[in-house]
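Here are the chains, one letter per residue:
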Amino acid sequence: RMTLKKTIPFLPVAGAAVVASQILYAAHRPDLPSYDNNETSGAFGDPGLPGFSIVALGDSSITAPGVHHADDSFIRRVAASLTDRHFVNLQSLAVGGAKIAEVRADQLSPALAASPDLAVISIGANDAIRGVSAGAFRADLDHMTSSLLAAGSMVVIVGIGDLGSIPRLPRFLRWYLTYRSGRFDRISAEVAAGYPGAVKADVRGDLSRAFWEEEEMFSGDLFHASSYGHDHFATHVSEAVEKALTAR
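Procedures and definitions
Residues numbered from 1 in each chain as written. Predicted model: local features only at pLDDT ≥ 70, side-chain atom pairs only at ≥ 80, totals over all residues. Heavy atoms only, no water. Helix = DSSP H or I, 4+ residues; strand = E, 2+ residues; numbered from the N terminus. Buried < 20%, exposed > 50% of the residue type's maximum accessible area, 1.4 Å probe, protein only. Contact = heavy atoms within 4.5 Å. Pairing = 2+ DSSP bridges. Axes fitted to C-alpha atoms, helices over the stretch in contact; angles between N-to-C directions. Right-handed = clockwise from strand over helix to strand, strands pointing away. Phe/Tyr/Trp six-rings, centres within 6.5 Å; stacked < 30°, edge-to-face > 60°. Parallel < 35°, antiparallel > 145°, perpendicular 65-115°, else oblique. Left-handed = near helix turned anticlockwise from the far one by under 90°. Nonpolar A, V, L, I, M, F, W, Y, C, P; charged D, E, K, R; others polar.

1. Considerations on the side chain of Thr 63
Then, in step 1: Note on placement: Thr 63 falls in helix 4 (residues 60-63).
Then, in step 2: For Thr 63, a relative accessible area of 4% translates into the label buried.
Then, in step 3: Thr 63 has contacts with Asn 37, Asn 38, Thr 40, Ala 94, Val 95 and Gly 96, leaving out every residue within four places of it along the chain.

Shown next, in the form of C-alpha cells:
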C-alpha cells in the first residue's frame, strides 16, 4: 500500500490537471461574490516626522480584495503602526493573482528604483496552489531578497499561511495545500535566515489556527482574508517589521 508520504511528491505532476481543474472551478463559483483589488499605496502620519518608505511586492495578500476598506489591509495597518515615529510613504507594486516569477520580472525593478527603507514581500500562495516547483520559488525569492538588501533596504518576508484552511477550495485538496503551503513557508524562512537584514513573519501557528477555527477570518468569497483576517496578519507582520528595525 502506497503511503501518504510517498504520494505527496508525485501530486504536482501526476495530479496537476485534476488540481488545476478543481481550483478553476472553485475560483469561478457563481454562488459566491468576487471582489476588486484595492490600491493600498498611500501616505500615513505627520509630515513633520522623519520619513520612512515602504515598498510592498506580491499578490492579492497586498491588494486585499474582500476587505471593507483599503485601510483594513494588513499592509496599510503595518504602515499606520509606524506613524508614532515616522511619516510613512507606502508604495504597493502588488498584483492580484501574481506568482513569484511575475513579481521578480515586473515588480523588483521598480522596487529597487524606489530605494525604500523597507521592502515587504508577500508572495507564494499562487505558486503553491498552481504547482510552481519549490526550487524555482526558492531561487526567485532568494534573488529578490539579496537584490533588495544589496540596495540598502530592510526586507520582511511575510510567507504563506495554511492554505488548507481556505473554505472555498475542495476538501480533498486541503491536506495537499497544507503540505505545499507549509513547504513554501519554510523556504521563505530559510531564505530570510540566510541574510542579515531580512526577517520572516510568523504566519503559521496561532494565525493558521485562527483561519481554521474562525470563519470571520475570510471574506464573503471564502478565499481571501476579511478585514478581521487582515487585522490578525497585521499583528504578525508588524512584529517582524519591529524586529527588522531593531536589528537595523
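2. Regarding the sheet that holds strand 4 (residues 118-122)
Then, in step 1: Read from one edge to the other, the open sheet built from six strands follows the order 1-3-2-4-5-6, with strand pairing classed as mixed. The outermost strands of the open sheet, each flanked by one partner alone, are strand 1 (42-44) and strand 6 (198-200). The sheet shows a mean angle of 20 degrees between the axes of neighbouring strands, direction not considered.
Then, in step 2: As defined by bridge partners, strand 2 (residues 51-58) adjoins strand 3 (residues 87-92) across six bridges and the pair is classed as parallel. Looking across to strand 3, one finds that Phe 52 is bridged to Val 88.
Then, in step 3: Along the sheet, helix 9 (residues 134-150) contacts strand 2, strand 4, strand 5 (154-157) and strand 6; its crossing angle with strand 5, the most-contacted strand, is approximately 155 degrees.
Then, in step 4: Sitting on the sheet, helix 12 (residues 227-247) is in contact with strand 2, strand 4, strand 5 and strand 6, with an inclination near 155 degrees to strand 5.

3. Let's talk about the pairing of strand 5
Along any regular strand the residues' side chains alternate between the sheet's two faces.
Then, in step 1: Of the two faces of strand 5, both are covered, the one formed by Met 154 and Val 156 as well as the one formed by Val 155 and Ile 157.
Then, in step 2: Alignment of strand 5 against strand 6, held across three bridges, turns out to be parallel. Residue Val 156 lies in a different strand from strand 6, and its bridge partner there is Val 199.
Then, in step 3: Traced from strand 5 through helix 10 (residues 174-193) to strand 6, the parallel crossover comes out right-handed.

4. Section: the packing of aromatic side chains
Then, in step 1: Inspection of the entire model under this criterion finds five aromatic pairs.
Then, in step 2: For the ring pair Phe 137 and Phe 184, a centre distance of 4.8 Å and an interplane angle of 40 degrees mean the geometry is tilted. Of this pair, Phe 137 sits in helix 9 while Phe 184 sits in helix 10; the two residues are 47 residues apart in sequence, bridging distant segments of the chain.
Then, in step 3: Here Trp 175 and Tyr 176 contribute two aromatic rings whose centre-to-centre distance is 6.1 Å and whose plane-to-plane angle is 65 degrees, an arrangement assigned as edge-to-face.
Then, in step 4: Judged by relative accessible area, Trp 175 falls into the partly exposed class, the value being 37%.
Then, in step 5: Ring-pair connections join several aromatic residues into one group, and the members of that group are Phe 74, Phe 211, Phe 218 and Phe 233.

5. Overview of the packing of helix 9 against helix 10
Then, in step 1: Taken N-terminus to C-terminus, the directions of helix 9 and helix 10 make an angle of 30 degrees; their axes are 10 Å apart at the nearest point. Considering their axes alone, helix 9 and helix 10 lie roughly parallel with respect to each other. For the crossing formed where helix 9 meets helix 10, the hand is right-handed. Facing Ala 134, Phe 137, Arg 138, Leu 141, Asp 142 and Thr 145 of helix 9, the residues of helix 10 in contact are Arg 183, Phe 184, Ile 187, Ser 188, Glu 190 and Val 191.
Then, in step 2: For the contact of helix 9 with helix 10, a count of residues per class yields six nonpolar, two polar and four charged.

Purely geometric stuff here, so don't read any function into it on its own.
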